[in-house]
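These are the residues of each chain, in order.
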Amino acid sequence: MTTLITRWQAQAPRFLSLLRIVAAWIFLISGTMKFFGWPMPMPDGAPAVLFPNQLWWAGFLETVGGSLLLLGLFSRPAAFILSGEMAVAYWQFNYANHPLFPIMSLSGVPTAAFCFIWLYISAAGPGPWSLDTLLRKVR
């Protein structure tokens, strides 16, 4: 039993990479929806946003930051910035009505979850499947 547990725990760095990649893909397409109206238009039917407004900045951060995290490039600073974006979004749009219950707001759960996923990745790093790791090995 110990061997199975040890082997499973040894996979943790790969699961960290997998968490980063899957979360970044979801985050990236949230940004492209805001920024480009792809893969679907905004839920309210509005076209992609134009500069400069808050939704434009959110789309920009989610598209650029999501792309960086998908590739695992500049992962720690990108994740830290995106964690801050999600913290601001939570406090701005979800906290006022139900501060301790993200489930009671339409976007509360993903906003809170992404905030802490990105905060974790900013501390833990991107994992072994990343350009950051590859570039570190090349140096």
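This text follows the structure it describes.
Within each chain, residue numbers correspond to sequence positions counted from 1 in written order. Whole-chain, interface and lining totals are the exception, using all residues; otherwise, since this is a predicted model, local features are given only for residues with pLDDT of at least 70 and side-chain atom pairs are given and counted only at 80 or more. The side-chain quantities take in all heavy atoms of the structure and omit both hydrogens and water.

Participant: Give me the side chain of S83: which residues, what numbers.
Facilitator: By the criteria applied, helices consist of DSSP H or I runs no shorter than four residues and strands consist of E runs no shorter than two, each listed in order from the N terminus. Relative to the helices and strands, S83 is located in helix α4 (residues 75-93). Residue classification places S83 among the buried residues on the basis of a relative accessible area of 6%. Whether two residues are in contact is decided by their heavy atoms, any of which lying within 4.5 Å being enough. Those residues in contact with S83, other than ones at most four positions away along the chain, are C115, W118 and L119. A 1.4 Å probe rolled over the protein chains alone gives each residue an accessible area, and that area as a share of the maximum for its type sets the label: buried under 20%, exposed over 50%, partly exposed in between.

Participant: Before we move on, can you summarise the environment of N94 with the specific residues and values?
Facilitator: Note on placement: N94 falls in the loop between α4 and α5 (108-124). The class of N94 is buried, set by a relative accessible area of 2%. Along the backbone, N94 and V109 are 15 residues apart, and their C-alpha atoms lie at a distance of 9.4 Å. When near neighbours in sequence (up to four residues on either side) are disregarded, N94 contacts A89, S105, S107, G108 and T111.

Participant: Lay out the packing of helix α2 (residues 12-36) against α5 with the relevant residues and their values.
Facilitator: Lines fitted to the C-alpha atoms define the axes, with helices restricted to the stretch that makes contact. Angles between their N-to-C directions range from 0 to 180 degrees. Contact pair α2 / α5: the axes reach a minimum separation of 11 Å and the direction vectors enclose 135 degrees. When the axes of α2 and α5 are compared, the pair comes out oblique. Read as a crossing pair, α2 and α5 show a hand that is left-handed. Residues L16, L19, R20, A23, A24, I26 and F27 of α2 pack against F114, I117, W118, Y120, I121 and A124 of α5. For the contact of α2 with α5, the residue count by class is 12 nonpolar, no polar and 1 charged. Here the angle decides the label: under 35 degrees means roughly parallel, over 145 means roughly antiparallel, 65 to 115 means roughly perpendicular, and every other value means oblique. Should the near helix be turned anticlockwise from the far one by less than a right angle, the crossing is left-handed, and should it be turned clockwise, the crossing is right-handed. Residues are grouped as follows: Ala, Val, Leu, Ile, Met, Phe, Trp, Tyr, Cys and Pro are nonpolar; Asp, Glu, Lys and Arg are charged; every other residue, Gly included, is polar.

Participant: Break down the packing of aromatic side chains for me, with residues and values.
Facilitator: Within 6.5 Å between ring centres, the rings of Phe, Tyr and Trp (the latter by its six-membered ring) count as paired, and their orientation is classed by plane angle as stacked under 30 degrees, edge-to-face over 60, tilted in between. Overall, the coordinates contain 11 aromatic pairs when judged by the stated rule. Look at W8 and F15: their rings are 5.2 Å apart centre to centre, the planes differ by 50 degrees, and that puts the pair in the tilted class. Judged by relative accessible area, W8 falls into the exposed class, the value being 59%. Looking at F15, the relative accessible area reads 39%, which means it is partly exposed.

Participant: Report on a nonpolar patch on the surface, specifying residues and quantitative values.
Facilitator: On the surface, a nonpolar cluster with roughly 1000 Å² of combined accessible area is contributed by W8, F15, L18, V22, W25, I26, F36, W38 and W129. Of all the elements, α2 adds the most residues to the nonpolar patch, at 6 residues. By the secondary structure assignment, W38 is in the loop between α2 and α3 (54-71). Residues forming no salt bridge and having over 30% relative accessible area are the ones grouped into patches, like charges within 9 Å of each other and nonpolar side chains (Val, Leu, Ile, Met, Phe, Trp, Tyr) within 5 Å. Each accessible area value is a Shrake-Rupley result obtained with a 1.4 Å probe; residue values ignore everything except the protein chains displayed when judging cover. Only one rule defines a salt bridge in this text: a Lys or Arg side-chain nitrogen within 4 Å of an Asp or Glu carboxyl oxygen.

Participant: Residues and numbers for α4, please.
Facilitator: For α4, with 19 residues, the first-to-last C-alpha span of 26 Å sits near the 27 Å given by 1.5 Å per residue. The set of residues buried in α4 consists of S75, A78, A79, L82, S83, E85, M86, A89 and Y90. Across the axial projection of α4, the buried residues extend over an arc of 160 degrees, all falling on one side. Counted as exposed and oriented over 90 degrees from the buried face of α4: F80 and W91. In this fold, the buried residues of α4 make contact with α2, α3, α5 and α6 (131-138). An expected span of 1.5 Å times one less than the residue number is assigned to each helix. This arc is built from the directions going out from the helix axis to the C-beta atoms.

Participant: Outline the nonpolar core, listing residues and values.
Facilitator: Nonpolar cores were defined as sets of buried Ala, Val, Leu, Ile, Met, Phe, Trp, Tyr and Cys residues, with membership established by side-chain atoms within 4.5 Å. Core analysis: the largest hydrophobic core is formed by 14 residues, its most contacted members being F27, L69, M86, F114, W118 and I121. Listing elements by their share of this core, those giving two or more residues are α2, α4 and α5. The biggest single contributor to this core is α4, with 5 residues.

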